[in-house]
Amino acid sequence: MQVPAGAIRSAVRQSTTAFSRWTSCQHQQRFHARTTATATVATRKAFMPIQSSRWYSSHAHKADEAIKNARNIGIIAHIDAGKTTTTERMLHYAGFTRRIGDVDSGDTIMDYMKQERERGITITSAAITFGWKDHRINLIDTPGHVDFTIEVERSIRVLDGAVTILDAVAGVEAQTETVWQQAARQGIPRIAFVNKMDRAGAGFGRTVREMRTRLGCRPVVVQIPLMESLRGTSDTQFNGVVDVLTMEVLRWDSDSKGAKMVRSLLDSNYPDREVYQEAIKARVALVEQLSALDENIIELFLTLEDHMAIEAKDLQAAIRRLTLSSTIVPVLCGASFRNIGVQPLMDSVVDYLPSPEERPAALGRMSDGKVVEIGNGGPKERLCALAFKVVHDARRGPMVFVRVYAGQLNERAQLWNSSTHTKERANKLLQMYAMDVEEIPHITKGNIGVVLGLKDTRTGDTLLDGHDPRKGLALSGIKVPSPVFFASIEPMSTSDEKPVEEAIKALIREDPSLGMRVDEETGQTLLGGMGELHLEVAKERLVSDFKVKAEMGRMRISFKETMRGAGVVSEVPAWEYDREILGKRGRARVGVTVERLERFEDQEDERASESGNSFSKTDAGKKGKKSQADATTHMGPEEYDGNEIIVSLTEQSPGTDEAGALAAAEKAAALGTVIPTGSTDLPIPVLRTSIKNGILSALSRGPLLGYAQTHLKVRLTDLHLYGGESTPAAISSCVAAAVTEAIRLGGNPSTGDTDNNSVLLEPIMDVRVEVAEKDVGTVIGDISGTRRGRVLSLGQDDDSAAHQEEDETEFQVYAPPDSTYTGPGSASSPASSSSTDAVGTMSDRRSIRAQVPLSSMLGYDAALRALTGGTGKFAMEVIGYGEMDFDRQRDLIKEMRGG
C-alpha cells in the first residue's frame, strides 16, 4: 500500500494531539491490556550464567544448528569506546566464562596477545563462538586504532552484521566514521550501542543526533537511559534503561555483576513522572519513524489510531525488516563497565541482525570473467570458502581463518586455492575461542572456523573443493592498504639474516598491511607499516614471538612513484625475452602499454575497489536472487595498489585457418582481448597468472628511488609463445622487463630520461581536527600555510547533506534530553526532545576537515596542543597519494642518493 508522506505526517500529528489529552488511566487500560496481559506491576526476571562450556562440544550430540540461527557479527568502534569490555560481558552472561575479564588488569579473553595486554588496546581481531538463546554467535572483536584498520577491513568482509559501540561522552569520533564507512561499503546491517552512560558528561541524545549528522544514518531509539536523582543533590545517576517497545524499566543487580536483570512495568504509577513522560514521547517517536518507512506499521497505526496500542512484537518485526535493509539503525544504551545493558544488546543481535541466509548471495568470478552467485545451489553445492586471516602459531603452524559460503569444509579434505592455483589439504579444523581452540570435524555453510595445514594460502584467497572443475572461480578479495611508513630491520649478526627474513615473511603473511623490500643500494631490509605503533608492535613480535635478534632503524615515510603527466601513454609493442638459465632456455614475446591515470583515486573510489580479486558486480548482487546467466559480466580492469591491470586472454578456436585466425585477432583487438599466438600447453588461467605476476613485479619498484609505483594502467596487447620454452617464469620475466621499459620511456622514447619521465608521490592524509571556535582561524592558517594542506570544510558543512536527506525522506530524529551533559548543545527543556529541535551540533566546537601531506603531519600532536592550549584533538587516515612538487622531489632524491 502506497501512502503519501504528507498523509502519514498529518495522521501522526492528529493522533499525537489527541493522545496528549488522554488520561493516565486510559493509557494504562489500553496499553497494558495488549502488551502485558500476564505481567504484574513488578515482574522480576533474572538471568544467571549457565555452566561455562564450549559451543561445539556442548552441541555435539545435536545436528548442526540451522543456518537461520547463526549470527556472524563484529564489534566495531573508535579506540577506547568499550569494545573488549562489552565483549567480555557477553561471554560471561552467555555462560562461556566464570569471571569477567578486565582490560586494565590485562586478563581479558579477547585481548590475549602480550602487546595488547601491556598497552590495554586491541591490536588484532579475535574470533570466538558462543551460544545465546538457541542461537550460535560467531563474534569478532576488532581493533579501534587506525594503524590496524586492515583487521577491521578483513573482518567486515566476512561478517553479516555489526555492533557499533559509541562513547556517550565523546560521541561520534573520527575512527567511528572510518569503521562505519567500512561496514557501509560491504552493505552490512548495524545496530548501535551508546556505551559509558555512567560517565560524567555522557550525552545519549547528543550522540544520537551526531549519528544522523556525521554518519548519515537513520538512528531509531529503542531504549532511553534511566537517569535518577541522587538523594540530597541535584545530580543524576545512570541506573538502567527503559525499553521503549515493551514500556519496561530494566535494572541490573550489582551484587551479581549484572547477571541478574530486573524488569518492571512503566506506567503512570511510576515514581519518576519525567521518566514516564519521556518514555511516552520515545514510543510515539518510534511509531512515527517506523510509520514513515514501513507499510505494515502505517496500516496498523491507521487501523488502531493509537501509538501505544501497536504491540511490541509488531514493532520488533518492523525494526528487523528495516535493519536488514540498512534503512535504519536501532540504538541502545548502557554502561558495560558497570554491567548495565549488555543482555538486551545480545537480544538485539539475535532479533535485528541477519543470519547468513538473509544476506545477499556472495559473488564469484569465473576464469572467463563471468560473475556467478555462490551459495544458492542447495546442499549439494560444492565447497567455496574465503580465507580472511592468517595467524602464526609456533606449535600449530599457520592458522587460516575461513568463512564458508557454500558446501561444507571437512577435515582432511583436499582443497584447491584458486587464487594461487595450488593444491592444499585441510589437516585439521578448529573452532576458535580467542586464543583457545577446539578440534571439530567440519565447518558448515555460513560459519567461521580455522584450518591447519595450508601452506600457501593467504588473506583474500578463495578455497574450493579439490575436485571442483571450476578451477578459476574466485570470490572478491580484501582491500589491503599500502604501507605509508617504513623502517630498516637490521639483524644482529650474519647468522641472524635468514631467520629474520623468514620471520618477516611469516609476519607479512599474517598482516598483509605490512610490507617488505630490500634497498638495492644499501642492502637494507625495509619493513613498511601503517604507522609508528604498527611498526613498533611488528618489531616486538619479531623478537618475542618469532625469537629473532634484530633492531629497527628510524621510521621514515613510504613514498610512491608514477609516470609524469596525466594521460601519458607509453607503449612497447614487442619485447623479446630469450635467456638460458641453468641450462634451460626460456623464451617469450609480449607487447604492453602503460598509461598514467588521469586523476588520482579519491577515498571513495579507492575503498570501493577490492585489491587482488575485484570485479564488477551486476544487479544480481544488489536486488534479490537471479540466475547465473543474468549474473555474468565481462572482465574489467583489476586494481592492485592503485594500479589498473588489464589482462584479457582468449583461446584460438581449434581448426581455424590463417584467414580465420587473422579475423579473430582483429575482432579480439577491437574488444581489448589478446589471442596468444605460437604454441603452448599452458592453460589460459596459468598464462594470466604468469602475466599478472610479471606486471606486479615491475610495478613493485620504480626507477627513481625504488618505491612501489601507482596510478598506472597496464594493458597486455600481444603475446607470442614458443612451446615448452615459454615457461610461466619466462613469461613473467618477459612481461616484467617490457613494463619496466615502458615506464622508463614514459611516453617519450626520444629521451628515456628516468628523472624527467617519473615523479614521486607522497601520502595524502584525510585530517579531522576538533577545536574550540576561538581557535579555528589559527588552526586553519597552520594547516593551509605551514603544512601545505587544503581545507575542505568546517563542521556545519558536513551536516548539510544529512539535513538535505532528512528533508527529502521526512525522517525526524528523536533524541531525549541529556541530563548529565551540561555543555553547549545539551537539552535542558522538554522541547529539546522534539524531532525538529533535536538536530544540531555542539556550537562552541568546530570540526575542520582537510587533506594534508603526511610529511607535514609529523609532530602535529604537540603542535596542535600548543595552538589550542591543549583542547584540540585530531585524527587522520591515508586517502591516497599526491604528486610532489619539483623542488621537494629534487631535494629528496639528492638526500636519498647521498649526492
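Bear in mind that the values here come from a model prediction, so they are computed numbers and not experimental data.

1. Describing the overall build of the protein chain
And then number 1: Within the protein chain, the secondary structure is distributed over 23 helices and 40 strands.
And then number 2: Taking all 899 residues of the protein chain together, the buried fraction comes to 54%.
And then number 3: Look at the contacts in the protein chain between residues 6 or more apart in sequence, and 75% of them connect residues 24 or more apart.
And then number 4: In the form shown here, the protein chain has an accessible surface area of approximately 37500 Å², with 49% of it arising from carbon and sulfur atoms.

2. A short note on the nonpolar core
And then number 1: With 93 residues, the main nonpolar core has Phe 130, Leu 139, Val 163, Met 197, Met 211, Leu 266 and Leu 290 as its most contacted residues.
And then number 2: Looking at which element gives the most residues to this core, the answer is helix 9 (residues 273-293), with ten residues.
And then number 3: Contact partners of Met 197, with chain neighbours within four places excluded, come to Ala 168, Ala 202, Phe 204, Pro 225, Met 227, Phe 238, Cys 333, Gly 334 and Ala 335.
And then number 4: Val 771, Ile 783, Leu 854 and Tyr 860 belong to the second largest nonpolar core, which has 44 residues in total.

3. Points about the packing of aromatic side chains
And then number 1: Evaluation of the coordinates by the stated rule reveals five aromatic pairs.
And then number 2: Where Phe 96 meets Tyr 433, the ring centres are 5.4 Å apart and the plane angle is 25°; that geometry is what we call stacked. Pair noted here: Phe 96 is in the loop between helix 4 (83-93) and helix 5 (114-119) and Tyr 433 is in strand 19 (residues 428-433), with a separation of 337 residues, a long-range link.
And then number 3: According to the relative accessible area criterion, Phe 96 is buried, its value standing at 13%.
And then number 4: Pairwise contacts between aromatic rings join Phe 486, Phe 559 and Tyr 707 into one cluster.
And then number 5: The ring centre of Trp 416 lies 4.9 Å from the NZ or CZ of Lys 471, which sits over that ring.
And then number 6: One Lys or Arg, Arg 587, reaches over the ring of Tyr 722 and ends 3.9 Å from the middle of that ring.

4. So, the sheet that holds strand 13 (residues 371-374)
Hydrogen bonds between backbone atoms are what pair the strands of a sheet, whose relative direction is either parallel or antiparallel.
And then number 1: Taken in spatial order, the three strands make up an open sheet running 13-12-24, and their pairing is antiparallel. This sheet does not close on itself; its edge strands, each paired only once, are strand 13 and strand 24 (474-475).
And then number 2: As judged from the four bridges shared by strand 12 (residues 362-365) and strand 13, these two strands associate in the antiparallel manner. Bridge pairing in strand 13 links Arg 365 to Val 371.

5. Let's talk about the sheet that holds strand 9 (residues 248-252)
And then number 1: The sheet built from four strands is open, its strands ordered 7-8-9-10 with antiparallel pairing. Only two strands of the sheet have a single partner each, and these edge strands are strand 7 (223-229) and strand 10 (261-265). Across the sheet, the mean angle from the axis of one strand to that of its neighbour is 35°, orientation sign disregarded.
And then number 2: Direction of pairing for strand 9 relative to strand 10: antiparallel, over a ladder of five bridges. Looking at the pairing, Glu 248 lines up with Leu 265 of strand 10.
And then number 3: Of the strands in this sheet, strand 7 and strand 8 (236-243) are in contact with helix 9, which crosses strand 7 at around 170°.
And then number 4: Contacts from helix 12 (residues 342-352) reach strand 7, strand 9 and strand 10, with the element oriented near 120° to strand 9.

6. Looking at empty space enclosed by the protein
And then number 1: Here the structure, examined in full by the defined rule, presents seven cavities of 30 Å³ or more.
And then number 2: Put simply, the largest cavity is a space of about 180 Å³.
And then number 3: Around the largest cavity sit 16 residues that line it, and Ile 123, Glu 151, Glu 510, Asp 511 and Arg 541 are the ones nearest its centre.
And then number 4: Of all the secondary-structure elements, those providing two or more residues to the lining of the largest cavity are helix 6 (149-158), helix 13 (497-510) and helix 14 (532-544).
And then number 5: Per-element accounting of the lining of the largest cavity gives the leading share, four residues, to helix 14.

7. A few points about the pairing of strand 34 (residues 643-646)
And then number 1: Relative to strand 34, strand 33 (residues 638-640) runs antiparallel, the two sharing three bridges. Note on strand 34: the bridge partner recorded for Glu 638 is Ile 645.
And then number 2: In this antiparallel pair of consecutive strands, strand 33 and strand 34, the connection spans two residues, and Asp 641 shows a positive phi of 55°.
And then number 3: Two elements, strand 34 and strand 36 (residues 712-722), share three bridges in a ladder whose sense is parallel. Counterpart to Ile 646 in the pairing with strand 36 is Arg 715.

8. Quick notes on the pattern of salt bridges
Where side chains of opposite charge bring their charged atoms close, a pairing between them can arise.
And then number 1: What the rule picks out here adds up to 50 salt bridges.
And then number 2: Here Lys 713 ties to Glu 644 by a salt bridge, and the two come within 3.9 Å at their closest N and O atoms. Of the two residues, Lys 713 sits in strand 36 while Glu 644 sits in strand 34, which places them 69 residues apart along the sequence.
And then number 3: Residue classification places Glu 644 among the partly exposed positions, given a relative accessible area of 25%.
And then number 4: Between Arg 768 and Glu 877 there is a salt bridge, with the nearest N and O atoms lying 3.6 Å from each other.

9. Some words on the pairing of strand 8
And then number 1: Both strand 7 and strand 8 contribute to a ladder of seven bridges, which runs antiparallel. Paired with Gln 223 across the bridge in strand 8 is Asp 243.
And then number 2: Pairing analysis gives four bridges linking strand 8 to strand 9, with the strands arranged antiparallel. Counted as the bridge partner of Val 241 is Leu 250 from strand 9.

10. Topic: the confidence of the model for the protein chain
And then number 1: Counting all residues, the mean pLDDT for the protein chain is 80, and 80% of those residues have values of 70 or more.
And then number 2: Low pLDDT, under 50, characterises residues 600-635; the stretch is placed with 96 contacts to residues that sit more than four places away or in other chains.
And then number 3: Within the model, pLDDT remains below 50 along residues 821-843, and this stretch shows 43 contacts once partners closer than five positions in the same chain are excluded.

11. Here we look at unusual backbone geometry
And then number 1: Notably, Lys 547 is not glycine yet its phi reads approximately 60°, a positive angle.
And then number 2: You can see Lys 547 is positioned in the loop between helix 14 and strand 28 (550-552).
And then number 3: Since its relative accessible area comes to 65%, Lys 547 is described here as exposed.
And then number 4: A positive phi angle is found at Arg 788, which is not glycine, with a value near 60°.
And then number 5: Its location among the elements puts Arg 788 in the loop between helix 20 (776-786) and strand 38 (790-793).
And then number 6: Take Arg 788: its relative accessible area is 35%, and that puts it in the partly exposed class.

12. Some remarks on helix 13
And then number 1: The terminal C-alpha atoms of helix 13 lie 20 Å apart, and with 14 residues this matches the ideal 20 Å at 1.5 Å per residue to within 8%.
And then number 2: Regarding helix 13, the residues found buried are Val 500, Ala 503, Ile 504, Leu 507, Arg 509 and Glu 510.

13. Some remarks on the side chain of Glu 373
And then number 1: The residue Glu 373 is located in strand 13 in this model.
And then number 2: Note on Glu 373: relative accessible area 5%, which makes it buried.
And then number 3: At 2.6 Å, the side chain of Glu 373 forms a polar contact with the side chain of Asn 376.

14. Structural notes on the environment of Val 152
And then number 1: Tracing the backbone through its elements, the reader meets Val 152 in helix 6.
And then number 2: For Val 152, a relative accessible area of 1% gives the class buried.
And then number 3: Through-space distance from the C-alpha of Val 152 to that of Thr 124 is 9.0 Å; in sequence the pair is 28 residues apart.
And then number 4: Aside from chain neighbours lying at most four places away, what touches Val 152 is Ile 76, Thr 142, Pro 143, Val 179 and Gln 182.

15. Description of the packing of helix 9 against helix 11 (residues 312-324)
The relative placement of two packed helices comes down to the angle between their axes together with the axis-to-axis distance.
And then number 1: Contact geometry of helix 9 with helix 11 gives a least axis separation of 11 Å together with a crossing angle of 50°. Regarding the angle of helix 9 to helix 11, the classification is oblique. Considering the relative orientation of helix 9 and helix 11, their crossing is left-handed. Across from Arg 283, Leu 286, Val 287, Leu 290 and Leu 293 in helix 9, the residues of helix 11 making contact are Ala 312, Leu 315, Ala 318, Ile 319 and Leu 322.
And then number 2: In terms of residue class, the contact of helix 9 with helix 11 is built from nine nonpolar, no polar and one charged.

16. Looking at the environment of Ala 698
And then number 1: Residue position: Ala 698 is located in helix 17 (residues 684-699).
And then number 2: Along the chain, Ala 698 and Ser 733 lie 35 residues apart, while their C-alpha atoms are 9.2 Å from each other.
And then number 3: Once residues lying within four places of it in the same chain are set aside, the contact partners of Ala 698 are Gln 709, Ala 736, Val 739 and Thr 740.

Cut-offs used in this document
- Residues numbered from 1 in each chain as written.
- Predicted model: local features only at pLDDT ≥ 70, side-chain atom pairs only at ≥ 80, totals over all residues.
- Heavy atoms only, no water.
- Helix = DSSP H or I, 4+ residues; strand = E, 2+ residues; numbered from the N terminus.
- Buried < 20%, exposed > 50% of the residue type's maximum accessible area, 1.4 Å probe, protein only.
- Contact = heavy atoms within 4.5 Å.
- Areas by Shrake-Rupley, 256 points an atom, 1.4 Å probe, with all protein chains shown as cover.
- Core = buried A, V, L, I, M, F, W, Y, C linked by side-chain atoms within 4.5 Å.
- Phe/Tyr/Trp six-rings, centres within 6.5 Å; stacked < 30°, edge-to-face > 60°.
- Lys NZ or Arg CZ within 6 Å of the ring centre and 35° of its normal.
- Pairing = 2+ DSSP bridges.
- Axes fitted to C-alpha atoms, helices over the stretch in contact; angles between N-to-C directions.
- 1 Å grid on protein atoms, 1.4 Å probe; cavity = no way out; pocket = protein on both sides within 12 Å on 5 of 7 lines; lining within 4 Å.
- Points joined across faces, edges and corners; volume = space filled by probe spheres on them.
- Salt bridge = Lys/Arg side-chain N within 4 Å of Asp/Glu carboxyl O.
- pLDDT = per-residue confidence, 0-100.
- Expected span 1.5 Å × (residues − 1).
- Polar contact = N/O pair within 3.5 Å; in protein donor to acceptor, adjacent residues only side chain to side chain.
- Parallel < 35°, antiparallel > 145°, perpendicular 65-115°, else oblique.
- Left-handed = near helix turned anticlockwise from the far one by under 90°.
- Nonpolar A, V, L, I, M, F, W, Y, C, P; charged D, E, K, R; others polar.

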